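Here is what each chain is made of, one letter per residue.
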Amino acid sequence: MRTRVKICGFTHVEDALCAANLGVDAIGLVFYPPSPRNVSIEQAASISRALPAFVNVVALFVDAAPALIREVLNKVRVDCLQFHGDEPAEDCRIYDKSYIKAIRMQADTDVVALQQQYHDAAGLLLDAYHPGVQGGSGSGFDWDLIPTTRSLPIILAGGLTPENAGEAIKAVKPYALDVSSGVEAGKGIKDAAKMAAFIRKTNQAT
Ligand SMILES: O=C(O)c1ccccc1N[C@@H]1O[C@H](COP(=O)(O)O)[C@@H](O)[C@H]1O
């Protein structure tokens, strides 16, 4: 099966349209004010509205207030929620919306148990643990921590680049790759050549 690609952290319509033209499966919009990639609801609505059919929009939150999540769902075309904080499963499933749960991987993280805990998620996203940074750090983690026992689609994130995407697919065999920093020209600004190379390398490896 083809490995899907999500590119996260868009702040400009032009960059998201460029990714769509390159064949990206999903784009991520960050609703987390401390992030340099944070978008307003208005910005997100413009980006989402501009996209063609069949490119999914993923709204990323970090321990956000339910009121913010509901407001985003009311005002922005969102296909999937991404919970990137410490949200328990019961808080992820109250929105009547497909969701993915991000896990910041540490040596003792039990991915098999987490797949059971978040059994109704559309995927489990495995990212690097970086003290003091919730995500988008550009850091990777030890892929040997990822078990082969899988009951959910595994989305690999954390420090991915066009240079390591092929190796990541061969080593982990994930359902999808999720990249942010590795295809940027600057924080929140995507680099068209890097996005093209990332998608090309992913397609070549599958
Ligand atoms: O992109 C961000 O700024 C961000 C902020 C808070 C939580 C998650 C964030 N992004 C997610 O982080 C991972 C890895 O990103 P990177 O490729 O290592 O930069 C990815 O899942 C993004 O969706």
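As the structure is a computational prediction, the values presented were derived from the model and not from experiment.

Peer 1: Help me understand the environment of Val78 in this model?
Peer 2: Position of Val78 relative to the elements: it lies in the loop between helix H3 (66-75) and strand S4 (80-83). Judged by its relative accessible area of 6%, Val78 is buried. Each C-alpha atom, one on Val78 and one on Ser35, is 20 Å from the other, the two residues being 43 residues apart in sequence. Contacts of Val78, omitting those with residues within four sequence positions, involve Val57, Ala59, Val72, Leu73 and Lys97.

Peer 1: Would you mind going over the sheet that holds strand S6 (residues 123-128) with me for this structure?
Peer 2: If you walk around this closed barrel you meet the eight strands as S1-S2-S3-S4-S5-S6-S7-S8, and the pairing is parallel. The average undirected angle you get between the axes of adjacent strands in this sheet is 25 degrees. Judged from the six bridges that link them, strand S5 (residues 99-105) and S6 form a sheet pairing that is parallel. Residue pairing across strands places Lys101 opposite Leu124, the latter belonging to S6. Running over the sheet, helix H2 (residues 41-50) touches strand S2 (26-31) and strand S3 (56-61) and is turned about 170 degrees from S2.

Peer 1: I tried to follow the site of the ligand on my own but got confused; where do I start?
Peer 2: In the neighbourhood of the ligand, 24 residues make up the surrounding shell, with Ser35, Arg37, Gly136, Asp178 and Ser181 lying closest. At 3.0 Å, a backbone N or O of Gly138 approaches an oxygen atom of the ligand. Isolated, the ligand exposes 520 Å² of accessible area, and the fraction of that covered by the protein chains is 99%. Broken down by secondary-structure element, the contributors of at least two residues to the shell around the ligand are strand S1 (4-8), S6 and strand S8 (176-179). In terms of residue class, the shell around the ligand is made up of eight nonpolar, 12 polar and four charged.

Peer 1: Would you mind going over the UniProt feature "domain: N-(5'phosphoribosyl) anthranilate isomerase (PRAI)" (unreviewed entry) in the protein with me for this structure?
Peer 2: Mapped onto this numbering, the UniProt entry annotates "domain: N-(5'phosphoribosyl) anthranilate isomerase (PRAI)" (unreviewed entry) at residues 5-200. Here residues 5-200 is 30% helix and 23% strand, with 10 Å between the C-alpha atoms at its ends.

Reading guide: rules and limits
Residues numbered from 1 in each chain as written. Predicted model: local features only at pLDDT ≥ 70, side-chain atom pairs only at ≥ 80, totals over all residues. Heavy atoms only, no water. Helix = DSSP H or I, 4+ residues; strand = E, 2+ residues; numbered from the N terminus. Buried < 20%, exposed > 50% of the residue type's maximum accessible area, 1.4 Å probe, protein only. Contact = heavy atoms within 4.5 Å. Pairing = 2+ DSSP bridges. Axes fitted to C-alpha atoms, helices over the stretch in contact; angles between N-to-C directions. Near = heavy atom within 4 Å. Polar contact = N/O pair within 3.5 Å; in protein donor to acceptor, adjacent residues only side chain to side chain. Areas by Shrake-Rupley, 256 points an atom, 1.4 Å probe, with all protein chains shown as cover. Nonpolar A, V, L, I, M, F, W, Y, C, P; charged D, E, K, R; others polar. UniProt positions renumbered as here; feature names shortened; annotations may be inferred.

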